[in-house]
Amino acid sequence: MPESKGAPGLDAPARKQLNYTNHTVEKIGGTSMSRVNELVDTLFVGDREPSQIYNRIFVVSAFAGITNLLLEHKKTGKPGVYALFTSADDDHGWMDALNRVAQAMSEAHNQVLDSNADQREADDFIRERIEGARSCLIDLQRLCSYGHFRLSQHMAIIRELLSGLGEAHSAFVTTLLLRRAGVEARFIDLSGWRDEREMDLDARIRDGFDGADPAHEVLIATGYAQCREGLMQEFDRGYSEVTFSRIAALTGAREAIIHKEFHLSSADPKLVGEEAVRKLGHTNYDVADQLSNMGMEAIHPRAAKTLRQASVPLRVTNAFEPRDPGTLIDENPADTPAAEIVTGLDVHALELFEQDMVGVKGYDARILEILTRHNVRIVSKTSNANTITHFVESPLKIMRRVERDLNAAYPSADVTVRALSVASVIGRDLTGLHVLSRGLRALEEQGIEALSAQQTPRMVDVQFVMQRDDLDTAIRALHGLFFGEGNGAAPGADTDTDAAGRKAA
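Residues numbered from 1 in each chain as written. Predicted model: local features only at pLDDT ≥ 70, side-chain atom pairs only at ≥ 80, totals over all residues. Heavy atoms only, no water.

**Q** What exactly am I supposed to notice about the packing of helix H10 (residues 201-209) against helix H12 (residues 239-251) here?
**A** For any two helices packed against each other, one specifies the crossing angle of their axes together with the interaxial distance. Two elements in contact, H10 and H12, have axes separated by 10 Å at closest approach and are oriented at 70 degrees. As far as their axial angle goes, H12 and H10 are roughly perpendicular. Considering only the axes of H10 and H12, their crossing is right-handed. The residues of H12 that touch H10, namely those facing Leu201, Asp202, Ile205, Arg206 and Phe209, are Val242, Thr243, Arg246, Ile247 and Leu250. A per-class count over the contact of H10 with H12 returns six nonpolar, one polar and three charged. (Axes fitted to C-alpha atoms, helices over the stretch in contact; angles between N-to-C directions. Helix = DSSP H or I, 4+ residues; strand = E, 2+ residues; numbered from the N terminus. Parallel < 35°, antiparallel > 145°, perpendicular 65-115°, else oblique. Left-handed = near helix turned anticlockwise from the far one by under 90°. Contact = heavy atoms within 4.5 Å. Nonpolar A, V, L, I, M, F, W, Y, C, P; charged D, E, K, R; others polar.)

**Q** Sorry if this is basic, but what is going on with the packing of aromatic side chains here?
**A** Remark: the centre distance and the inter-plane angle together describe each pair of aromatic rings, the angle taken between the planes. Taken as a whole, this structure holds seven aromatic pairs when the rule is applied. Ring plane angle 80 degrees and centroid distance 6.0 Å describe the contact between Phe125 and Phe187, whose orientation is recorded as edge-to-face. With Phe125 in helix H8 (residues 116-143) and Phe187 in strand E3 (residues 185-188), this residue pair connects regions lying 62 residues apart in the sequence. With respect to burial, Phe125 and Phe187 carry one shared label: buried. A ring pair is formed by Phe172 and Phe187, whose centres lie 5.7 Å apart and whose planes are at 85 degrees; its orientation type is edge-to-face. Of the two residues, Phe172 sits in helix H9 (residues 155-180) while Phe187 sits in strand E3, which places them 15 residues apart along the sequence. Of the two residues examined, Phe172 and Phe187, each falls in the buried class. Stacked on the ring of Tyr82, the Lys or Arg Arg159 has its end atom at 4.8 Å from the ring centre. (Phe/Tyr/Trp six-rings, centres within 6.5 Å; stacked < 30°, edge-to-face > 60°. Buried < 20%, exposed > 50% of the residue type's maximum accessible area, 1.4 Å probe, protein only. Lys NZ or Arg CZ within 6 Å of the ring centre and 35° of its normal.)

**Q** How should I be thinking about the packing of helix H14 (residues 285-293) against helix H15 (residues 301-309) in this particular structure?
**A** Between H14 and H15, the least distance of the axes is 10 Å, while the angle of their chain directions is 170 degrees. Overall, the two elements H14 and H15 adopt an arrangement that is roughly antiparallel. In this structure, H14 contributes Tyr285, Asp289 and Ser292 to the contact, and H15 contributes Pro301, Ala304, Leu307 and Arg308.

**Q** How do you make sense of the environment of Asn99 when you look at a structure like this?
**A** Tracing the chain through its elements places Asn99 in helix H7 (residues 92-112). Separated by 88 residues in the primary sequence, Asn99 and Phe187 have C-alpha atoms spaced 25 Å apart.

**Q** How should I be thinking about the pairing of strand E10 (residues 377-383) in this particular structure?
**A** If a strand is regular, its side chains alternate between the two faces of the sheet. Where E10 and strand E11 (residues 387-393) come together, six bridges link them in antiparallel fashion. Bridge pairing in E11 links Lys381 to His390. Between E10 and E11, which follow one another and run antiparallel, lie three residues. (Pairing = 2+ DSSP bridges.)

**Q** For this particular structure, what's the right way to read the pattern of salt bridges?
**A** What the rule picks out here adds up to 27 salt bridges. The residue Asp47 makes a salt bridge to Arg323 at a minimum N-O spacing of 2.3 Å. In this pair, Asp47 is assigned in the loop between helix H3 (36-44) and helix H4 (50-53) and Arg323 in the loop between strand E7 (314-318) and strand E8 (327-330), connecting sequence segments 276 residues apart. For Glu369, the salt bridge is made with Arg366, and the minimal N-O distance between the two is 2.5 Å. With Glu369 and Arg366 both in helix H16 (residues 363-373) and three residues apart, this pair spans about one turn of that helix. A residue is classified by how much of its surface remains accessible, and Arg366, at 33% relative accessible area, is partly exposed. Here the residues in one salt-bridge network are Arg366, Glu369, Arg373, Arg404 and Asp405, joined through shared partners. (Salt bridge = Lys/Arg side-chain N within 4 Å of Asp/Glu carboxyl O.)

**Q** Any chance you could explain the confidence of the model for the chain here in plain terms?
**A** Scored by pLDDT, the chain comes out at a mean of 88, with 90% of its residues at no less than 70. Within the chain, helix H1 (residues 12-15) has the poorest average pLDDT of any element, 41, and strand E14 (residues 461-467) the best, 98. When the criterion is pLDDT under 50, residues 1-15 qualifies, and its contacts beyond four places in sequence or with other chains add up to 38 contacts. This stretch, residues 491-505, has a pLDDT under 50; its non-local contacts, to residues over four places away or in other chains, come to 56 contacts. (pLDDT = per-residue confidence, 0-100.)

**Q** Help me understand the environment of Glu72, please; the structure alone is not making it clear to me.
**A** For Glu72, the location among the structural elements is in the loop between helix H5 (66-70) and helix H6 (81-87). Setting aside residues up to four positions removed in sequence, Glu72 forms contacts with Thr67, Gly77, Lys78, Pro79, Gly80, Tyr82, Arg159 and Arg237. A distance of 2.7 Å separates polar atoms of two side chains, one belonging to Glu72 and the other to Arg159. (Polar contact = N/O pair within 3.5 Å; in protein donor to acceptor, adjacent residues only side chain to side chain.)

**Q** Help me understand the sheet that holds strand E1 (residues 24-28) in this model?
**A** Backbone hydrogen bonds hold the strands of a sheet together, and the pairing may be parallel or antiparallel. The strand order E3-E4-E2-E1-E5-E7-E8-E6 describes an open sheet built from eight strands, whose pairing is mixed. The two strands at the open ends of the sheet, each matched to only one other strand, are E3 and strand E6 (282-284). Sheet twist, expressed as the mean angle between neighbouring strand axes with direction ignored, is 25 degrees. Pairing geometry for E1 and strand E2 (residues 56-60), over five bridges, is parallel. Each bridged residue has a counterpart across the sheet, and for Ile28 the counterpart in E2 is Val60.

Here's what the structure looks like:
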């Protein structure tokens, strides 16, 4: 299958311009990709007229579970090829893991491809990529057996190499699937496979799309893009949304669209009931940032920044409901004050009490330096004269290391770590809704003690901190309070939804 190639020379890609008009750039996540054959009859083709099929660029993630096998499991931390290669003393662990990846990839595309010819072509594709990666890792292992070379210096590159295998596979398979359905489709491989040129992200994208014609082809691009900046180093598993947003900005998309398995809704229907939730329908990037802070990403914050700065609106839809317009995210403020979503997150409260803190500067900076060193994400913080509390999302084992370092830095301080939860009411404009006072009363009526509560003068979110066992009840109480008739919920919200929700730490 032909792949897009750029002109030779390091400087050539930077000069290429992508003069596309009236097109969308759309992203499909890994879970949806595992049902990509169903999407042919809904998202890709369905009942569309031929002219409506094109002028769309799709950025795809790897099939569900593949990146976990290549790197490490995102939730459990179970080691994949990368983790085994960088930590094992022998070859058997990572080689066996790479074989499992090949088997999983084959099973994934055989489930969505009906044609034997397409299945064989996909098998050949993954064989070439897997064996190429295997040879590369063996050569690197041999090189690092010499004293002048250190494997630790190449870990980031190894992670990048392995990450690109999953997206290249899913994009290639999707292109096969669409061509079998009679759609003109082009595989856009941004993974830099066997490409000796060094490019930044923009140049890689321009080079990959050089010669492509979205008006007459559906373009299927890899979510991973190899570039000088190293997407994995800065964004790790969020790289596909960064690639997606940059493509939308560079090509001047009229709209960027993320297809999920659910609608963005006022709460998790599993908690509050499907009949009670409302689809957001319309919100702005400010709310998207608050959702990301609460572990419920509509889009990666850096990707949102790229789209916002390029004035490209974002739409989040349910991939399997193509007639539903989903939720539009842009820069517009709310017409009227309203709550839009209630969500929650399990956190750890890191509290440092030091009687001698009063009037002394530097405590905040030292705590932040330690949290940054341990890669701990801060959700929110509070402080008074002698106490600073950070509510953070991080595993307990990491928090124990942070606690140890803080005790070493401030031996006379009391440092405590507690497992708590944060429930948040979010909206573009909460002015005049008295969310803080009404929310506290609603929690008290449910027998829930708010250990902390805060709102900022911008009035876009209000947070309530409580014991973990109380979080689900708190979300139900706050949702019932603000999303009943006349209670300050977003007006005209759609009740047709599938899922939304919270993420546990």
